[in-house]
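This is what each chain is made of:
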Amino acid sequence: MTPKTASAPMAAQTTTTLPGAEVLMRALVEQGVEVIFGYPGGAVLPIYDALFRQNHIRHILVRHEQAAVHAAEAYARSTGKVGVVLVTSGPGATNAVTGLLDALMDSIPLVCLSGQVPTALIGNDAFQEADTTGITRPVTKYNYLVRRPEDLAATVHEAFAIAQAGRPGPVLIDLPKNITVGNAPYKGADEVKPRVGKVQVEPDRDAIVRAVAAMKNGRRPLFYTGGGIINSGSEACEGLRKLAKLTGFPVTSTLMGFGAFPGTDKQFLGMLGMHGTYEANLATHGCDVLIALGSRFDDRVTGRLDAFSPDSFKIHADIDPSQINKIIPVDQPIVGDVGRTIALMIEEWEKQPAYEHKAELTAWWEQIEAWRALDCLRFNQDQAPDAIIKPQQAIQRIYELAQQTGRDTFVSTEVGQHQMWAAQFFKFDKPNRWLTSGGLGTMGYGLPAAVGAQIAHPDALVLDVAGEASTLMNIQELGTIAQYRLPVKLFIINNHYMGMVRQWQELLHGSRYSESYSDALPDFVKLAESFHAKGLRATRMDQLDDVIREALAHDGPVVVDLCVAEGENCFPMIPSGAAHNEMILGPEQEERGAKVTREGMMLV
Amino acid sequence: MQQEAPGSAVISLLVDNESGALGRIIGLFSGRGYNIRSLTVAPVDEHGLVSRVNIVTTGTLSDIRQIKAQIERLVPVSRVVDLSSEGPHVAREMALIKVVSSGEPRTEALRIAEAFRARAVDTTASSFVFELTGSSDKLDSFIELMRPLGLAEVSRTGIAAICRGPQTIQNN
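Here the structure is a predicted model, which means the values were calculated and not measured.

Trainee: Before we go on, may I ask you to explain the interface of chain A and chain B in this structure?
Mentor: How big an interface is tends to be expressed through the accessible area that disappears when the partners come together. Taken together, the contacts link 16 residues of chain A with 15 residues of chain B. Both faces considered, chain A and chain B share a buried interface measuring about 1200 Å² in area, 45% of it formed by carbon and sulfur atoms. Where chain A packs against chain B, one counts three salt bridges. The partner of E18 of chain B in a salt bridge is R195 of chain A, with the nearest N and O atoms 3.1 Å apart. Taken together, chain A and chain B are joined by nine residue pairs in polar contact (both at pLDDT 80 or more). Taken together, the residues that form the side of chain A that touches chain B break down as four nonpolar, four polar and eight charged.

Next up, the structure:
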């Protein structure tokens with residue numbers, strides 16, 4: 001598609017007037033949309049009719065509107081494009097709410113089109129009416145109710161601009177049925193001036209100079225990188241690699257930042273925060289210069305605020321000024337695109353006098369290596385053929401065997417223990433390959449996310465590392481996977497518990513496992529078969545590798561039920577309200593959990 | 001308002017006059033746990049396309065900065081200023097105050113109203129409605145004085161605020 005040139009002759013003529021639904025299609029095509037994830041219903045029938053009568057945009061029929069949004073999120077995250085969702089009015093829109101908030105929290109660019117009852121019926125409690133703009137206002141970056149046909153095309157173009165501008169996010173357009181049925185004038189994107197003027201892309205030079213001067217002065221420096229670098233794009237990721245090599249500084253990453261810096265690189269310390277590595281957290285605690293790049297000091301990262309990186313000079317680069325000084329007061333803010341910030345830091349690093357603290361940096365690395373030598377992710381797996389599989393073993397082997405295929409691999413997760421283990425054991429050398437619900441922690445994210453990633457990358461290996469409780473929240477998407485023959489591999493780490501809930505109950509609530517046991521689970525193998533997928537199961541160590549290999553080799557969807565030890569806890573762990581240097585490393589220190597204060601217990 | 005205890009701030013903003021715009025601003029305050037002490041809104045440009053909102057809020061200096069930064073993220077908001085931190089400003093409020101009394105208290109109410117330059121905009125044998133414009137402090141003290149004199153009902157506008165001198169919300 002070369003949309004701009006295609007529409008240029010049109011712009012020269014008098015305004016084209018078309019049915020609203022066709023204006024919508026045309027605007028989507030001009031915006032480069034190739035895929036829509038959606039579910040039809042009364043209020044969007046005109047849009048579905050227009051979809052039927054065109055060949056540019058492919059529609060993926062999901063089985064639940066929440067899944068449409070998660071699929072679009074993964075599509076967006078794995079391609080760098082805007083994800084597009086189409087849902088009907090009322091329940092269609094309310095079902096999308098969780099996904100929209102998920103996208104808002106994780107800064108994913110989306111445009112969600114929702115049907116609405118005709119404008120004349122709005123406010124009358126009409127069938128399938130909801131105050132969609134009212135309901136979605138706090139869960140979107142911006143939203144619209146299109147009341148006038150002449151606003152339709154401009155609204156679509158502006159929505160795409162806003163979704164991508166600055167810190168990306170979801171935008172919803174509510175479309176009353178009379179607007180999509182009635183005629184509307186078409187406007188090209190070049191005729192619209194979107195309201196995105198407040199974004200500061202180019203960082204302030206003086207801020208860069210001061211930041212780099214502080215970095216040059218650092219004896220125990222640390223890069224703390226986040227999802228903003230992925231959003232900024234491949235140049236930002238390339239820049240980060242260059243900056244890290246140039247400076248020799250260690251790099252830690254948030255959950256959302258995986259792949260911005262190679263996970264297998266020696267300079268990478270792994271994830272920081274509540275389930276981060278020992279070396280990453282102690283480095284965060286002990287550093288004297290902390291360089292936050294596209295990260296937002298989330299409470300999962302900081303732990304106890306007054307003990308977070310207490311002695312460091314803090315540099316914070318973010319495109320969203322409201323993130324600066326929001327949680328942690330910083331010494332040197334840099335507002336702007338993190339890719340540009342990194343590029344200018346590289347320039348400035350080379351310009352300023354040579355780094356004088358190489359000896360101290362070497363000592364810092366020795367300290368980090370000593371922490372790393374503790375091997376905080378180690379676990380004891382009984383290697384006997386009939387031994388019970390530990391969840392850590394299962395996840396580590398999924399990673400290693402997937403690596404051995406040599407295929408480009410995209411990994412989604414659900415939310416809980418398995419997600420944290422996947423974050424610990426999977427290493428990503430490229431950005432956009434890791435798809436997880438970070439900010440909102442949405443159980444049921446992973447399976448629809450795998451759908452979105454596989455649609456975007458039909459030839460890639462797409463895995464969902466799942467828990468049995470989470471994945472049941474959107475298990476209906478096995479239907480979507482079957483319909484489009486998506487060769488998604490769903491690995492269910494089945495411990496018969498909502499594992500993270502169980503872990504907190506064990507550590508903080510006297511092992512009273514209130515409602516966290518997964519009772520009456522389905523037979524996942526038969527469930528897979530009923531959805532036309534291959535079903536596999538491993539219950540003993542000697543079956544694990546074979547089952548994973550068989551799943552990876554199968555040219556089609558597979559559901560793997562990996563029955564694992566029930567009582568494993570995810571370590572390391574910083575208990576609620578504790579500081580980074582008070583982490584629990586393993587079961588032998590679990591009693592520390594019992595010492596969590598009342599204040600700590602009030603935290604989530 | 002200028003004399004308010006530390007922690008109070010006057011934020012003025014310009015917002016596109018579109019459906020739901022005020023809901024976004026109010027939702028931001030309630031959703032993030034910020035306080036709104038008073039809020040006024042009315043269109044201020046010749047075509048009625050842009051409204052000015054004046055909000056009196058409370059918080060520490062960093063709270064106020066965060067509030068301002070959060071408001072700036074709203075798409076229809078084109079300008080935000082924290083008037084209380086950006087040089088001197090004027091803030092005025094109007095109140096309608098109903099006093100129901102007779103005899104000595106009624107005479108006293110009228111006497112105090114004159115001293116405050118409040119105008120009686122409605123008068124009956126047993127009641128007055130006074131109109132009073134000024135700083136919120138002035139309104140507060142007038143209302144307090146009316147309390148023992150038959151104060152029956154109060155309606156206040158919340159403040160309109162503007163910075164002093166030649167600079168405007170657009171260029172300061």
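Trainee: Where do I start with the UniProt feature "domain: Thiamine pyrophosphate enzyme central" (unreviewed entry) in chain A in this structure?
Mentor: Per the UniProt entry, the sites bearing "domain: Thiamine pyrophosphate enzyme central" (unreviewed entry) are residues 210-342 of chain A in this numbering. Secondary structure content for residues 210-342 of chain A is 34% helix and 20% strand, and the end C-alpha separation is 14 Å.

Trainee: Mind showing me how you'd approach the sheet that holds strand β10 (residues 251-253) of chain A here?
Mentor: As a general point, the strands of a sheet are linked pairwise by backbone hydrogen bonds and lie either parallel or antiparallel. All names here are of chain A. The six strands are arranged β11-β10-β9-β12-β13-β14 in an open sheet whose pairing can be described as parallel. Two strands in the sheet have a free side with no partner beyond their single neighbour: β11 (268-271) and β14 (332-335). The sheet shows a mean angle of 15 degrees between the axes of neighbouring strands, direction not considered. The strands that helix α12 (residues 278-286) touches are β9 (221-225), β10, β11 and β12 (289-293); relative to β11, the one it contacts most, it runs at about 100 degrees.

Trainee: Would you take a moment to explain the pairing of strand β3 (residues 58-61) of chain A for this structure?
Mentor: Side chains on a regular strand alternate between the two faces of the sheet. All names here are of chain A. Bridge count between strand β2 (residues 35-38) and β3: four bridges; the pairing is parallel. Pairing of G38 across the sheet is with L61, part of β3. For the crossover that starts at β2, traverses helix α3 (residues 45-52) and ends in the parallel β3, the hand is right-handed.

Trainee: How should the UniProt feature "domain: ACT" (unreviewed entry) in chain B be read in this particular structure?
Mentor: Annotation from UniProt places "domain: ACT" (unreviewed entry) at residues 10-85 of chain B. Counted over residues 10-85 of chain B, helix gives 30% and strand 37%. Its end C-alpha atoms are 9 Å apart.

Trainee: Help me out: how do you make sense of the domain arrangement of chain A in this one?
Mentor: All names here are of chain A. Segmenting chain A into domains produces domain 1 (3-191), domain 2 (205-373) and domain 3 (391-563). On a C-alpha basis, the centres of domain 1 and domain 3 stand 31 Å from each other. Each side of the interface is counted separately: domain 1 has 24 residues, and domain 3 has 28 residues. With both sides pooled, the region where domain 1 packs onto domain 3 buries about 2000 Å², and carbon together with sulfur makes up 61% of that total. At the boundary of domain 1 and domain 3, one finds zero salt bridges. Our count for the domain 1 to domain 3 interface comes out at eleven residue pairs in polar contact (both at pLDDT 80 or more). Mapped onto the side of domain 1 that touches domain 3, the elements with two or more residues apiece are β2, β3, α4 (65-79) and α5 (91-105). No other element matches α4, which puts ten residues into the side of domain 1 that touches domain 3. In terms of residue class, the side of domain 1 that touches domain 3 is made up of eleven nonpolar, seven polar and six charged.

Conventions and cut-offs
- Residues numbered from 1 in each chain as written.
- Chains lettered and ligands numbered in written order.
- Predicted model: local features only at pLDDT ≥ 70, side-chain atom pairs only at ≥ 80, totals over all residues.
- Heavy atoms only, no water.
- Contact = heavy atoms within 4.5 Å.
- Buried area = accessible area lost by both parts, 1.4 Å probe.
- Salt bridge = Lys/Arg side-chain N within 4 Å of Asp/Glu carboxyl O.
- Polar contact = N/O pair within 3.5 Å; in protein donor to acceptor, adjacent residues only side chain to side chain.
- Nonpolar A, V, L, I, M, F, W, Y, C, P; charged D, E, K, R; others polar.
- UniProt positions renumbered as here; feature names shortened; annotations may be inferred.
- Helix = DSSP H or I, 4+ residues; strand = E, 2+ residues; numbered from the N terminus.
- Pairing = 2+ DSSP bridges.
- Axes fitted to C-alpha atoms, helices over the stretch in contact; angles between N-to-C directions.
- Right-handed = clockwise from strand over helix to strand, strands pointing away.
- Domains from an automatic or database assignment.

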